[in-house]
Amino acid sequence: MTHVTEDDLDDLEFDTLRTGDHISAAKRLSELAESVTGGVSRANVLLRAGEQWQHAGDHAKAADAYRRALEDGGEVYGDPRAYLADALFELGRADEARTLVEQIRADRPRDPEVYRTVAEVLYAQGDASGAHDWATNGADVVLALRDRAVGTGIGDPEEPPVAEEESLTPGPDDVALAEDSLEALLRLRYRARVDLGRKEDDYDALLDDLLKS
């Protein structure tokens, strides 16, 4: 068994950015997933393996890794279904991919990075309208979190109330992590609006403020 930490995985991915050898990285991560114990979950390693397979252009192996991460059920970043949907789109299995996207929507995730990932996947597939909706909803998640933390923001007043376990006042770290996603969400939303021929709105003004600060 092998003890693997997040730092170990980050180092491996950093080296891969330098070498460009995504296949070797994917194989190494797949091997680690079979022996990992402690530090990080097997599902986390499988998810990273899937991303490396996708960078290598092998979307079938990526989809397999993502499915295994889902089946494992261990702790992961984001939502493996979003990454699996990306691989399925690339494999020409759009109906399956969109089914996964709708499953994620039904679960109403509270992680803005899930919204960003889905929005990017849809935008890459030429679905500017879908990308716009997901980016907007992701921005609303961040703004609602900001509202609960400091009492400011422009979140959607018609958004359904959050569940009791999600209504606790978030800490500074929670807000900081969410704020890190906000600019990326608003940038993607703006690109989608340009593609759709829509006029600038309050969210675009918020992006301008972020870029000026």
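Refer to the structure printed above.
Note that the coordinates shown come from a computational prediction; the quantities given were computed from them, not determined experimentally.

Undergrad: Honestly, the overall build of the chain in this entry has me stumped. Any pointers?
TA: The helix and strand inventory of the chain stands at 10 helices and 2 strands. For the chain, the α and β elements follow one another from N to C terminus as β-α-α-β-α-α-α-α-α-α-α-α. Here the chain, with 213 residues, has 42% of them falling under the buried criterion. When contacts within the chain are restricted to residue pairs at least 6 apart in sequence, those whose partners lie at least 24 apart make up 59%. Per element, the accessible surface of the chain, about 11,300 Å² overall, is 48% carbon and sulfur.

Undergrad: Would you explain the packing of aromatic side chains in this entry?
TA: Scanning the entire structure with this criterion turns up 3 aromatic pairs. Summarising the aromatic geometry, the rings of Tyr77 and Tyr83 are spaced 6.0 Å apart at their centres and angled 80° between planes, so their arrangement reads as edge-to-face. For Tyr77, a relative accessible area of 26% corresponds to the partly exposed category. For Tyr83, a relative accessible area of 14% corresponds to the buried category. Ring pairs connect the aromatic residues Tyr66, Tyr77 and Tyr83, which therefore count as one cluster. It is Arg191 that lies over the ring of Tyr123; its NZ or CZ is 5.2 Å from the centre.

Undergrad: Before we go on, may I ask you to explain helix 2 (residues 22–35) in this structure?
TA: One full turn of an α-helix is made of 3.6 residues, so residues set three or four places apart face in the same direction. Given a rise of 1.5 Å per residue, 14 residues ought to cover 20 Å, and the 20 Å separating the end C-alpha atoms of helix 2 matches this to within 8%. Along helix 2, the residues classified as buried are His22, Ala25, Ala26, Leu29, Ser30, Leu32, Ala33 and Ser35.

Undergrad: I would appreciate a short explanation of the nonpolar core in the present structure.
TA: Among soluble globular proteins, nonpolar side chains are generally buried collectively. If you look at the biggest cluster of nonpolar residues, it comprises 39 residues, and the most contacted ones within it are Tyr66, Val118, Trp134, Leu182 and Leu186. Counting residues per element, the ones that place at least two in this core are helix 3 (42–55), helix 4 (59–72), helix 5 (80–90), helix 6 (94–107), helix 7 (112–124), helix 8 (128–150), helix 9 (172–196) and helix 10 (202–212). With 8 residues, the top contributor of residues to this core is helix 8. Within the second largest apolar cluster, 14 residues are counted, among which are Leu32, Ala33, Val40 and Ala43.

Undergrad: Please explain the environment of Arg105 as it appears in this structure.
TA: Relative to the helices and strands, Arg105 is located in helix 6. C-alpha separation for the pair Arg105 and Tyr115, spaced 10 residues apart in sequence, amounts to 9.1 Å. Not counting the four nearest positions on each side in its chain, Arg105 is found in contact with Trp134 and Asn137.

Undergrad: How should I be thinking about the pattern of salt bridges in this particular structure?
TA: Oppositely charged side chains may form a pair once their charged atoms are brought near each other. One pass over the structure, following the stated rule, counts 21 salt bridges. As a salt-bridge pair, Arg105 and Glu102 come within 3.3 Å of each other at their nearest N and O atoms. With Arg105 and Glu102 both in helix 6, this residue pair falls 3 residues apart, about one helical turn. Since its relative accessible area comes to 44%, Glu102 is described here as partly exposed. When salt bridges that share partners are traced, they join Glu6, Asp10, Glu13 and Arg48 into one network.

Undergrad: Please clarify how unusual backbone geometry should be interpreted in this entry.
TA: Both trends apply: most residues other than glycine have a negative phi, and most peptide bonds are in trans. Of note, the phi angle at Arg108 is positive, near 45°, even though the residue is not glycine. Mapping Arg108 onto the fold places it in the loop between helix 6 and helix 7.

Undergrad: Would you take a moment to explain helix 7 for this structure?
TA: Taking 1.5 Å of rise per residue, 13 residues should cover 18 Å, and helix 7 covers 18 Å from first to last C-alpha, within 8% of that figure. Buried residues of helix 7: Pro112, Val114, Tyr115, Arg116, Thr117, Val118, Ala119, Val121 and Leu122, and no others. The residue sitting at the N-terminus of helix 7 and contributing the capping side-chain oxygen is Asp111; that oxygen lies 2.9 Å from the backbone nitrogen of Glu113.

Analysis parameters
- Per chain, the residues get numbers from 1 upward, laid out in the order the sequence is written.
- The predicted origin of the model limits local features to residues at a pLDDT of at least 70 and limits the giving and counting of side-chain atom pairs to 80 or more, whereas totals for whole chains, interfaces and linings rest on all residues.
- Excluding hydrogens and water, the side-chain values take into account all heavy atoms of the structure.
- Numbering of helices and strands runs from the N terminus; a helix is a DSSP stretch of H or I covering at least four residues, while a strand is a stretch of E covering at least two.
- Each residue is assigned to one of three classes by its accessible area relative to the maximum for its type, calculated with a 1.4 Å probe on protein chains only: buried under 20%, partly exposed between the two thresholds, exposed over 50%.
- Working rule for contacts: check all heavy atoms of both residues, and any pair within 4.5 Å makes them a contact.
- Residue burial considers only the protein chains on display, and all accessible areas are found by Shrake-Rupley using a 1.4 Å probe.
- Any Phe, Tyr or Trp ring, taking Trp's six-membered ring, that has another such ring centre within 6.5 Å forms a pair; planes under 30 degrees apart are called stacked, those over 60 apart edge-to-face, and the others tilted.
- Only when the NZ of Lys or the CZ of Arg is both within 6 Å of the ring centre and within 35 degrees of the ring normal is a charge said to sit over the ring.
- To estimate the expected span of a helix, count its residues, drop one, and scale the result by 1.5 Å.
- Residue types Ala, Val, Leu, Ile, Met, Phe, Trp, Tyr and Cys, when buried and joined through side-chain atoms within 4.5 Å, form a set referred to as a nonpolar core.
- Criterion for a salt bridge: a side-chain nitrogen of Lys or Arg within 4 Å of a carboxyl oxygen of Asp or Glu.
- What qualifies as a polar contact is a pair of N or O atoms within 3.5 Å, subject to a donor-acceptor requirement within protein and to the restriction that residues adjacent in sequence count only when both atoms come from side chains.

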